[in-house]
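This is what each chain is made of:
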Amino acid sequence: MLSVQQIMEGVNAILVRLYPDRTVYVDVMPEQFERPSFFLRPSGRKITSRTVAVVEVEQMILVQCADEVGDHYETQTARLYGVTDTLTAAFLQRGALHCGDRKLTADRVDVSRDLDVADVTIVVTYEDDRPAAPSTQPLVTDVTLGAQPTNPKEG
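Residues numbered from 1 in each chain as written. Predicted model: local features only at pLDDT ≥ 70, side-chain atom pairs only at ≥ 80, totals over all residues. Heavy atoms only, no water.

Moving on: the sheet that holds strand S1 (residues 23–26). A sheet is described by the order of its strands in space; here 5 strands give the open sequence S1-S2-S3-S7-S6, paired in mixed fashion. Edge positions in the open sheet fall to S1 and strand S6 (108–114), since each of these has one partner strand only. Adjacent strand axes in the sheet meet at a mean angle of 25°, parallel and antiparallel pairs treated alike. Against the sheet, helix H1 (residues 4–18) touches S1, strand S2 (37–49), strand S3 (54–66) and strand S7 (117–129), its axis set at about 145° to S2. Across the face of the sheet, helix H2 (residues 77–92) comes into contact with S2, S3, S6 and S7 while running at roughly 165° to S6. (Pairing = 2+ DSSP bridges. Helix = DSSP H or I, 4+ residues; strand = E, 2+ residues; numbered from the N terminus. Axes fitted to C-alpha atoms, helices over the stretch in contact; angles between N-to-C directions. Contact = heavy atoms within 4.5 Å.)

Scanning the entire structure with this criterion turns up 6 salt bridges. In this structure, the salt-bridge partner of Asp128 is Arg102, at a minimum N-O distance of 3.4 Å. Note that Asp128 is positioned in strand S7 and Arg102 in strand S5 (residues 102–104), a separation of 26 residues in sequence. The class for Arg102 is partly exposed, based on a relative accessible area of 25%. For Asp110, the salt bridge is made with Arg108, and the minimal N-O distance between the two is 3.1 Å. (Salt bridge = Lys/Arg side-chain N within 4 Å of Asp/Glu carboxyl O. Buried < 20%, exposed > 50% of the residue type's maximum accessible area, 1.4 Å probe, protein only.)

This brings us to the pairing of S3. Bridge count between S2 and S3: 12 bridges; the pairing is antiparallel. Each residue of the ladder has a partner; that of Phe39, found in S3, is Gln64. In this antiparallel pair of consecutive strands, S2 and S3, the connection spans 4 residues. Sheet topology places S3 next to S7; 13 bridges connect them, and they run antiparallel. Residue pairing for S7: Val57 is matched across the bridge by Tyr126.

Coordinates in, geometry out; function isn't part of it.
Right, dumping it as structure tokens:
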């Protein structure tokens, strides 16, 4: 099964390719971070049973785009949305996300903005092998069929 880390590495590779001059932070955004930059973190994961051997995985990854700010802590809307439009187009390309030995395509990209940052949420849905159950009990080696009375009647 693909790990969240493998999917995040696929998203990170696209960010670095498109914006090599920007820092990508993963897991923790430092108090004094560089601008412009990206903050990358997993947002949610949903696993649904499909068959006895297959599960459907929906993975959400959040890319927070922190833009440059002016004297009044404002950003240029056009520049910020230029970044989100570029990322949306890149993630929606067929097979854009190289994750382990697989190439995934984003099913959905959601964009929202809050003051000086824009959030791009990538939703990837794929099918994967169901993990094997751990072996916690020894296999049954002998089965005895029949009934034994608990209190035999004396005659």
